[in-house]
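# Residue-level structural notes
Residues per chain are reported as follows:
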Amino acid sequence: MVESINAEVSLPSAIFLMGPTASGKTAAAVTLSQKFPLEIISVDSALVYREMDIGTAKPDAATLAVAPHHLIDLIAPTEVYSAAQFRADVLPLMADITARGRVPLLVGGTMLYFKALREGLSDLPQADAGLRAELERDAAERGWAALHDDLALLDPVTAARLQPTDSQRIQRALEVVRLTGKPMSEAWAQGREAALPFRVLSLALMPSDRQVLHDRIAQRFDVMLGMGLLEELTGLRERYDLNPELPSMRCVGYRQAWSYQVGEYGYDEMRDRGIFATRQLAKRQLTWLRSMADAVVLDCLNARLESLLGNRVDDFLS
């Protein structure tokens, strides 16, 4: 036991700052980066896309000037980014930050990326274009909810954590089962790479009042619309060969804006759907956070949050 503790202490330090959308992660990270020798790394599957600024709540130029963020604006909206690519990008970046005598501060709400980084990745098969096309045809005929039911029979563990509307992940989970004969949940548990070689402080921002978070989400979506989310999407569609099934266009907000622009429903319904989808995203994020036994939970609505975070980080780095 003593040897294990000493080995952990000898590892370089890293801080995870996690939380649901609209919990104030960016503001908290910027404040911490001004007080401690930290460098911010984004852990957000939407912020990797260039020119998708409004709908992803990407930090503005003024914020980035005082607190630069790594791993944002990496790819075009036509490209695909994965948990495996994130891990491949972030590990050398964390090593570089550490070599410069600073501490990586990983901030975001893409919990799968945090999990992949902390626990490693299994040796999952590459995507199979033919099988994906077959699954998409099946979904077009029967609906993604029916494919979710299929997944529940083949891989109940994975199906339980996915919404019936989460087409991208349902498709991938079914693909893995078909290609390997094993549930994705079993594949994840086998053949992992080495665990993260860092001593980690995990901080989870969670609201003491869910309704306040819901109100923040609604206000933020209205701000995005006011800032020009629809105009941003129009510009993206003019500059890139986009379609609604691309991961970038499945991002919350853009998906609903796209449906509005092609006439699937009106403006008010688009707003309501966007807010509801964001609330569902926050619910999934909170479920992930509650499963993280080692996370230090802090109320993101606490007026003293800044000082509480500072105290935790100071103790960790001392």
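Described in the following lines is the structure provided in the data block. These numbers come from a predicted model, not from an experiment.

### A closer look at the overall build of the protein
Along its length, the protein carries 15 helices and 6 strands. Compactness check: the protein gives a C-alpha radius of gyration of 20 Å against a globular reference of 20 Å for 318 residues, within 12% of the reference. Residue burial in the protein is summarised as follows: out of 318 residues, 48% are buried. Restricting the contact set of the protein to residue pairs at least 6 apart, pairs at least 24 apart contribute 76%. With the model as given, the accessible surface of the protein reaches about 15400 Å², and the carbon-plus-sulfur share is 52%. Distance between charge centres in the protein, computed from 34 positive and 42 negative side chains, equals 3 Å.

### Quick notes on the packing of aromatic side chains
Within the structure shown, the criterion is met by 4 aromatic pairs. Summarising the aromatic geometry, the rings of phenylalanine 86 and tyrosine 113 are spaced 4.8 Å apart at their centres and angled 20° between planes, so their arrangement reads as stacked. Note that phenylalanine 86 is positioned in helix α4 (residues 83-99) and tyrosine 113 in helix α5 (residues 111-119), a separation of 27 residues in sequence. Summarising the burial analysis for this pair, phenylalanine 86 and tyrosine 113 share the class buried. By the ring-pair criterion, three or more aromatic residues cluster together here, those being Tyr81, Phe86 and Tyr113. Seen from the ring of phenylalanine 316, arginine 199 lies directly overhead, with NZ or CZ sitting 4.1 Å from the centre.

### Here's the deal with the pairing of strand β2 (residues 38-43)
The buried count for β2 comes to 6 of 6 residues, which makes it a mostly enclosed element. In this structure, β2 lies alongside strand β3 (residues 69-70), joined through 2 bridges in parallel fashion. Across the sheet, residue isoleucine 40 finds its bridge partner in β3, namely histidine 69.

### Details of helix α9 (residues 167-180)
Structurally, the α-helix is built with 3.6 residues per turn, so residues lying three or four positions apart point the same way. A rise of 1.5 Å per residue sets the reference length of α9, with its 14 residues, at 20 Å; its end C-alpha atoms lie 20 Å apart and thus fit the reference within 8%. Those residues of α9 that fall on the buried side of the exposure criterion are Ser167, Ile170, Gln171, Arg172, Ala173, Leu174, Glu175, Val176 and Val177. Two residues or fewer after α9 comes glycine 181, characterised by a positive phi angle close to 75°.

### Concerning the side chain of histidine 148
With respect to the helices and strands, histidine 148 occurs in helix α7 (residues 144-154). Of note is the side chain of histidine 148, whose polar atom sits 3.0 Å from the backbone oxygen of alanine 159. Ignoring anything within four residues of it in the chain, the contact list for histidine 148 reads Ala159, Leu162, Gln163, Pro164 and Ile170.

### Topic: the sheet that holds strand β5 (residues 199-206)
The strand order across the open sheet built from 6 strands is β3-β2-β4-β1-β5-β6, with neighbouring strands paired in parallel fashion. Among the strands making up the open sheet, the edge pair consists of β3 and β6 (296-299). Where β5 and β6 come together, 4 bridges link them in parallel fashion. Bridge pairing links leucine 205 to leucine 298 in β6. Sitting on the sheet, helix α14 (residues 267-290) touches β1 (13-18) and β5, and the angle it makes with β5 is about 135°. With respect to the sheet, helix α15 (residues 305-317) is in contact with β1, β2, β4 (103-108), β5 and β6, its orientation differing from that of β5 by roughly 170°.

### A look at the nonpolar core
If you look at soluble globular proteins, the nonpolar side chains tend to sit buried side by side. Ranked by size, the top nonpolar core spans 59 residues in total, and within it Phe86, Met94 and Leu106 carry the most contacts. Those residues in contact with methionine 94 that lie beyond four places of it in its chain are Ala14, Ile41, Pro104, Leu106, Leu117, Leu196 and Phe198. In this structure, Leu17, Val30, Leu201 and Cys300 belong to the second largest nonpolar core, which totals 23 residues.

### Structural notes on the packing of α5 against α14
Relative orientation of the contacting elements α5 and α14 amounts to 25°, with a least axis distance of 10 Å. One way to sum up the angle between α5 and α14 is to call them roughly parallel. Across the interface between the two elements, Met111, Leu112 and Lys115 of α5 pack against Gln285, Trp288 and Leu289 of α14. In terms of residue class, the contact of α5 with α14 is made up of 4 nonpolar, 1 polar and 1 charged.

### Digging into unusual backbone geometry
The phi torsion of most residues other than glycine is negative, and most of the peptide bonds are trans. At alanine 57, a residue that is not glycine, the phi angle is positive and equals roughly 55°. On the basis of relative accessibility, which here comes to 30%, the residue alanine 57 falls in the partly exposed class. The phi dihedral of leucine 71 is positive, around 65°, even though this residue is not glycine. Along the chain, leucine 71 turns up in the loop between β3 and α4.

### Notes on the side chain of glutamate 232
By secondary structure assignment, the location of glutamate 232 is in helix α12 (residues 229-239). Side-chain polar atoms of glutamate 232 contact the backbone nitrogen of glycine 55, separated by 3.3 Å. Not counting residues within four places of it along the chain, the set of residues in contact with glutamate 232 comprises Glu51, Met52, Asp53, Ile54, Gly55 and Tyr254.

### Overview of the environment of arginine 102
The residue arginine 102 is located in the loop between α4 and β4 in this model. Ignoring anything within four residues of it in the chain, the contact list for arginine 102 reads Pro37, Leu38, Glu39 and Ile97. At a separation of 3.0 Å, a polar atom in the side chain of arginine 102 contacts the main-chain carbonyl oxygen of leucine 38. A distance of 3.2 Å separates polar atoms of two side chains, one belonging to arginine 102 and the other to glutamate 39.

Rules and cut-offs
Residues numbered from 1 in each chain as written. Predicted model: local features only at pLDDT ≥ 70, side-chain atom pairs only at ≥ 80, totals over all residues. Heavy atoms only, no water. Helix = DSSP H or I, 4+ residues; strand = E, 2+ residues; numbered from the N terminus. Rg over C-alpha atoms; globule rule 2.2 N^0.38 Å. Buried < 20%, exposed > 50% of the residue type's maximum accessible area, 1.4 Å probe, protein only. Contact = heavy atoms within 4.5 Å. Areas by Shrake-Rupley, 256 points an atom, 1.4 Å probe, with all protein chains shown as cover. Lys, Arg positive; Asp, Glu negative; His and termini not counted. Charge placed at Lys NZ, Arg CZ, Asp CG, Glu CD. Phe/Tyr/Trp six-rings, centres within 6.5 Å; stacked < 30°, edge-to-face > 60°. Lys NZ or Arg CZ within 6 Å of the ring centre and 35° of its normal. Pairing = 2+ DSSP bridges. Expected span 1.5 Å × (residues − 1). Polar contact = N/O pair within 3.5 Å; in protein donor to acceptor, adjacent residues only side chain to side chain. Axes fitted to C-alpha atoms, helices over the stretch in contact; angles between N-to-C directions. Core = buried A, V, L, I, M, F, W, Y, C linked by side-chain atoms within 4.5 Å. Parallel < 35°, antiparallel > 145°, perpendicular 65-115°, else oblique. Nonpolar A, V, L, I, M, F, W, Y, C, P; charged D, E, K, R; others polar.

Any link to function would need more than the numbers given here.
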